[in-house]
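# Breakdown of the fold
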Amino acid sequence: MKFAHWLVLGCVCLLPLSASAQWQWIDKSGKKVFSDQAPPPDIPEKNILRRAGSPPPARTGFGSAPADSATSDEAAAPKAREAAAAPKPPAVDKELEEKTKKAQAEEKAKQAAEAEKNAKIKAENCERARQGKATFDSGIRVAKVNAKGEREIMDDTARAAEQKRLQSIIQSDCK
């Protein structure tokens, strides 16, 4: 039974916390007003310090009120825009240039590796084409395996077509 009393007492104590003020503004006489309802329509927008559901505004100094900070923020906005438009310090430019140079060097190295790989492939193709052409030029019989897995000896027209194909590979890859 005592536990139930403590539970009810705890709920009653927490009740006022849920009904705490959500709005804060400065009235016509200059006093701060806290309420769970919106301010009257005759209160200017600049005098509303906190709205329902929004966090309280941050203070800029020890003695400044949040209403003062809003006007000082408006005055500081052009200065912030000027600072943003000002040129970056040289250190940032140097870092950017270094990163750009590094990226360009990596790209050149990548292109060089790709070119080397392509050159190696062309050299291998060239060597195979020369060996194949030498075989066909020697006049020995050459057999190929057909789709059924049977060996077929190439006739003169097939040999000529293969020699022509190998010669075109030699011309394109052997330089």
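Structure: above.
Residues numbered from 1 in each chain as written. Predicted model: local features only at pLDDT ≥ 70, side-chain atom pairs only at ≥ 80, totals over all residues. Heavy atoms only, no water.

## A short note on the overall build of the protein chain
A tally of helices and strands in the protein chain yields four helices and five strands. Here the protein chain has roughly 14400 Å² of accessible surface; of this, 58% comes from carbon and sulfur atoms. (Helix = DSSP H or I, 4+ residues; strand = E, 2+ residues; numbered from the N terminus. Areas by Shrake-Rupley, 256 points an atom, 1.4 Å probe, with all protein chains shown as cover.)

## Some remarks on the sheet that holds strand β2 (residues 32-35)
Taken together, three strands build an open sheet; the order of strands is β2-β1-β3 and the sheet is antiparallel. Strands at the two margins of the open sheet, each flanked by one partner only, are β2 and β3 (48-50). Strand after strand, the sheet turns through a mean of 25° between neighbouring axes, direction not considered. The pairing of strand β1 (residues 23-26) with β2 spans four bridges and is antiparallel. Of the residues in β2, the one forming a bridge with W23 is S35. (Pairing = 2+ DSSP bridges. Axes fitted to C-alpha atoms, helices over the stretch in contact; angles between N-to-C directions.)

## Quick notes on a negative patch on the surface
On the surface, D93, E95, E97 and E98 cluster together to form a negatively charged patch. The topology assignment puts E95 in helix α3 (residues 90-138). Overall, E95 belongs to the partly exposed group, its relative accessible area being 46%. (Patch = residues over 30% accessible without salt bridge, like charges linked within 9 Å, V, L, I, M, F, W, Y side chains within 5 Å. Salt bridge = Lys/Arg side-chain N within 4 Å of Asp/Glu carboxyl O. Lys, Arg positive; Asp, Glu negative; His and termini not counted. Charge placed at Lys NZ, Arg CZ, Asp CG, Glu CD. Buried < 20%, exposed > 50% of the residue type's maximum accessible area, 1.4 Å probe, protein only.)

## Observations regarding the pattern of salt bridges
A full pass over the atoms with the stated rule returns five salt bridges. We note a salt bridge from K28 to D42, for which the minimum N-O separation is 2.7 Å. Of this pair, K28 sits in the loop between β1 and β2 while D42 sits in the loop between β2 and β3; the two residues are 14 residues apart in sequence, bridging distant segments of the chain. Note on K28: relative accessible area 71%, which makes it exposed. Classification of D42 by relative accessible area gives partly exposed; the value is 44%. One salt bridge in this structure joins D137 and K133, with 3.1 Å as the shortest N-O distance. Taken as a pair, D137 and K133 lie in helix α3 at a separation of four residues, close to a single helical turn. A relative accessible area of 47% places D137 in the partly exposed class.

## Remarks on the pairing of β1
Residues W23 and W25 of β1 are buried on one face, and the alternating residues Q24 and I26, pointing to the opposite face, are buried as well. What sits between β1 and β2 in their antiparallel hairpin is a turn of five residues, with G30 showing a positive phi close to 95°. In the sheet, β1 pairs with β3 via two bridges, with the strands oriented antiparallel. Opposite W25, over in β3, you have I48 as the bridge partner.

## Some points on helix α4 (residues 156-173)
Given a rise of 1.5 Å per residue, 18 residues ought to cover 26 Å, and the 26 Å separating the end C-alpha atoms of α4 matches this to within 8%. Taken as a whole, α4 has its buried residues at R159, E162, L166, I170 and D173. In an axial view of α4, the angular spread of the buried residues amounts to 85°, which keeps them on one side of the axis. Projecting away from the buried face of α4 at angles above 90 degrees are the exposed residues T157, K164 and Q171. (Expected span 1.5 Å × (residues − 1). Arc of directions from axis to C-beta.)

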